[in-house]
Amino acid sequence: MSSQPTPAQDAYLEVQRSTEFQDLRRRFRGFVFPTTAFFLAWYALYVLLSIFAPSFMGTKVWGNVNIGLLMGLGQFVTTFAITLIYSRWASREFDPRADAIGAQLDGVKEH
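Below or above, wherever it landed, is the structure these notes cover. (Residues numbered from 1 in each chain as written. Predicted model: local features only at pLDDT ≥ 70, side-chain atom pairs only at ≥ 80, totals over all residues. Heavy atoms only, no water.)

With that settled, the discussion passes to the packing of aromatic side chains. Summed over the entire model, instances satisfying the criterion amount to 5 aromatic pairs. Ring centres of F31 and W89 lie 4.6 Å apart, and the angle between their planes is 10°; on these two criteria the pair is classed as stacked. Of this pair, F31 sits in helix α2 (residues 19-52) while W89 sits in helix α4 (residues 67-106), and the two are 58 residues apart along the sequence. W89 carries the same exposure label as F31, and that label is buried. (Phe/Tyr/Trp six-rings, centres within 6.5 Å; stacked < 30°, edge-to-face > 60°. Helix = DSSP H or I, 4+ residues; strand = E, 2+ residues; numbered from the N terminus. Buried < 20%, exposed > 50% of the residue type's maximum accessible area, 1.4 Å probe, protein only.)

In structure tokens:
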């Protein structure tokens with residue numbers, strides 16, 4: 001096997017080294033890493049409170065609904081909210097840039 005990159009591989013490596021691609025990666029990481037850290041911290045708080053503060057989590061808010069139940073449901077709400085926010089962000093910020101890079105790689109005007 002030859003260790004020389006093929007022309008197609010050269011094109012991909014060139015795109016990977018481009019400032020546009022590096023900017024795309026930076027923007028993606030700038031959104032995804034903080035969002036992931038927030039969600040993991042929020043989930044860890046929920047788990048830790050469940051373990052170490054059961055009386056707090058069992059505090060009734062109204063009827064048989066307690067703080068633990070509300071926080072558990074909040075996990076689902078947060079998941080859907082993050083998904084919605086990411087989808088809108090990607091459509092507005094990420095996808096157009098990724099499409100432009102893909103079009104450049106394919107040699108077409110639009111992707």
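Right, picking up where we left off after that structure.
Time to look at the environment of V15. Tracing the backbone shows V15 in helix α1 (residues 7-17). Note: C-alpha distance between V15 and I101 (86 residues apart in sequence) is 7.5 Å. Setting aside chain neighbours within four positions, we find V15 in contact with F21, I101 and L105. (Contact = heavy atoms within 4.5 Å.)

Below, the discussion takes up the pattern of salt bridges. Under the defined criterion, the tally for this structure stands at 6 salt bridges. Between D23 and R27 there is a salt bridge, with its nearest N and O atoms 3.0 Å apart. You can see D23 and its partner R27 sitting in helix α2, 4 residues apart, about one turn around the helix. In the salt-bridge network here, residues are joined through shared partners; they are D23, R26, R27, R92, E93 and R97. (Salt bridge = Lys/Arg side-chain N within 4 Å of Asp/Glu carboxyl O.)

Let us now look at the packing of α1 against α2. Orientation of α1 relative to α2, taken along the N-to-C sense of each, is 60°, at an axis distance of 4 Å. It follows from the interaxial angle that α1 and α2 lie oblique. In contact with V15, Q16 and R17 of α1, α2 contributes T19, F21 and Q22. The class makeup of the residues in the contact of α1 with α2 is 2 nonpolar, 3 polar and 1 charged. (Axes fitted to C-alpha atoms, helices over the stretch in contact; angles between N-to-C directions. Parallel < 35°, antiparallel > 145°, perpendicular 65-115°, else oblique. Nonpolar A, V, L, I, M, F, W, Y, C, P; charged D, E, K, R; others polar.)

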